[in-house]
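Single-letter residue listing:
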Amino acid sequence: MDPTSNKSIIMSKINTMRKICTFIMIKYLAQKFVFLLGLFATLMASHSAAAQTWTLKEPKTSGWRNDTLSTLATDLHNEAVTAFLVVQDGSIVGAWGDTSRKVNVASIRKSLLSALYGSLVADGKISLTQTLAELGIDDEPALTVAEKRATVRDLLMSRSGVYHAAAYETADMRRKRPPRGSHAPGAFWYYNNWDFNALGSTYRQAAGETIFDGFAKRIAAPIGMEDFSASDGRSVGAPTSRHPAYRFDLTARDLARFGQLILDGGRWKDRPVIPASWVENSTSLHSGTDHDPLGYGYLWWILPEDRFGPGAALASGYGGQKLAIIPAKHLVVVQLIVTRDGPHRDRTSQFLDRLSRLMAAAP
């Protein structure tokens, strides 16, 4: 064979191999580019979902009475309220103070846990009729046989009949606590931190996750909270009980977002987050209380219908921490206070009067 011809054949094969290698490399790089582009889009979407900002609505042009809002601003300044938010129809119509400051929301934590129980029950991981005995829930000193007959529903209503010392109790709770064995499960309402803390232990056991991880994953992320992470919660124990409390630090703008979720029946932008039936049931009246005129649902205070309309509910914490849901006016109202001592710090009646004035001023 002619050497020149042989060399041409070899060069032709080399060029062919180069083209094949180049094609393979281009295809590989294209696939990597598409993957990285998709990853980037996913990360951006995740960031967007986790940091959605509120839309604002001008109150005056929306039909609000400006004189009421001006008086409110003066009152909030005089009382050193840390943050106050008014949301109507999903938009902020009034914001005062530092709505991005994280505050210990105290007993509002209980209403946050109530929302988590909605999915837990819907997924069949726990039943409201299960008893403490069936769930293996006990304490030190041990519960009696009668106390262990209390059901999950009894605890959600704060009617367990278990009057055991508890973590995170106030002096008023200790003073009002009935003697152990004085009431059967389900028979008597008492605002009982033992019930609330034992529900936290039961959640961790049934869900296989901490309350704070569950809230971050199942509620905060889907509704686009701007500030909350699981590290903003911590357990608070006491030597008097094996069941710790579960402290939450939240900003007013994130708490308002949770309130909007409840107001909208557990849906966020047409996506179900909490079962609607649970939201309705948990914010319905199940018990009278010693805090007249407030009733109690499943870890929610129930506002009187004749004053605030049907479905109105309140999450309330020591020191003036408040979250109100007013369906009659499509309102969510949040109040947070860092400095908890002194006048005006935990007067629920004053907050309810403020709510009434806001309802009267709202279109």
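The coordinates are above.
What you see is a predicted model, and the numbers here were worked out from it, not measured in a lab.

What counts and what doesn't
Residues numbered from 1 in each chain as written. Predicted model: local features only at pLDDT ≥ 70, side-chain atom pairs only at ≥ 80, totals over all residues. Heavy atoms only, no water. Helix = DSSP H or I, 4+ residues; strand = E, 2+ residues; numbered from the N terminus. Buried < 20%, exposed > 50% of the residue type's maximum accessible area, 1.4 Å probe, protein only. Contact = heavy atoms within 4.5 Å. Areas by Shrake-Rupley, 256 points an atom, 1.4 Å probe, with all protein chains shown as cover. Salt bridge = Lys/Arg side-chain N within 4 Å of Asp/Glu carboxyl O. Core = buried A, V, L, I, M, F, W, Y, C linked by side-chain atoms within 4.5 Å.

1. Digging into the overall build of the protein
Here is step 1 of the chain: A tally of helices and strands in the protein yields 12 helices and 14 strands.
Here is step 2 of the chain: Looking at the protein residue by residue over its 363 residues, the buried ones come to 49%.
Here is step 3 of the chain: Of the contacts made within the protein by residues no fewer than 6 positions apart, 66% connect residues no fewer than 24 positions apart.
Here is step 4 of the chain: Element-wise, carbon and sulfur atoms account for 56% of the exposed surface of the protein, whose accessible area totals about 17,100 Å².

2. Considerations on the environment of L135
Here is step 1 of the chain: In this fold, L135 is placed in helix α4 (residues 132–135).
Here is step 2 of the chain: Through-space distance from the C-alpha of L135 to that of T151 is 9.5 Å; in sequence the pair is 16 residues apart.
Here is step 3 of the chain: If we ignore the near neighbours within four places in the chain, the residues touching L135 are I126, Q130, V152, T202 and Q205.

3. Quick word on unusual backbone geometry
Here is step 1 of the chain: In this model, E140 is joined to P141 through a cis peptide bond whose omega is -5 degrees.
Here is step 2 of the chain: Looking at the element boundaries, P141 is found in the loop between α4 and α5 (152–156).
Here is step 3 of the chain: The step from D292 to P293 runs through a cis peptide bond, and the omega angle for that step is 10 degrees.
Here is step 4 of the chain: Within the secondary structure, P293 sits in the loop between β9 (287–288) and β10 (295–296).
Here is step 5 of the chain: Look at A80: it is not a glycine, yet its phi comes out positive at around 55 degrees.
Here is step 6 of the chain: Relative accessible area serves as the criterion here: at 45%, A80 is assigned to the partly exposed category.
Here is step 7 of the chain: Backbone geometry places D89, a non-glycine residue, at a positive phi of 55 degrees.
Here is step 8 of the chain: Along the chain, D89 turns up in the loop between β2 (83–88) and β3 (91–97).

4. Thoughts on the side chain of S119
Here is step 1 of the chain: Locating S119 in the fold gives a position in helix α3 (residues 108–122).
Here is step 2 of the chain: In this structure S119 comes out as buried when scored by relative accessible area, which is 17%.
Here is step 3 of the chain: With residues near it in sequence (within four places) discarded, S119 still touches V273 and P275.

5. Notes on the pattern of salt bridges
Here is step 1 of the chain: Throughout the structure, instances matching the rule amount to 19 salt bridges.
Here is step 2 of the chain: The salt bridge partner of E209 is K217, with a shortest N-O separation of 3.1 Å.
Here is step 3 of the chain: Accessibility expressed as a relative area gives 12% for E209, which makes it buried.
Here is step 4 of the chain: Through salt bridges with shared partners, one network takes in D172, R175, K176 and D290.

6. Quick word on the nonpolar core
Here is step 1 of the chain: One finds F84, F215, I219, L255 and F258 to be the most contacted residues of the largest nonpolar core, which totals 101 residues.
Here is step 2 of the chain: Those residues within four positions of L255 in sequence are excluded, and the remaining contacts are V105, I108, L112, L250, K322, L323, V334 and L336.

7. Some details on the environment of Y203
Here is step 1 of the chain: Structurally, Y203 can be placed in helix α7 (residues 193–207).
Here is step 2 of the chain: Spatially, the C-alpha atoms of Y203 and I126 are 8.7 Å apart, while their sequence positions differ by 77 residues.
Here is step 3 of the chain: Those residues within four positions of Y203 in sequence are excluded, and the remaining contacts are L113, L116, Y117, L120, G208, E209, T210, I211, G214 and R218.

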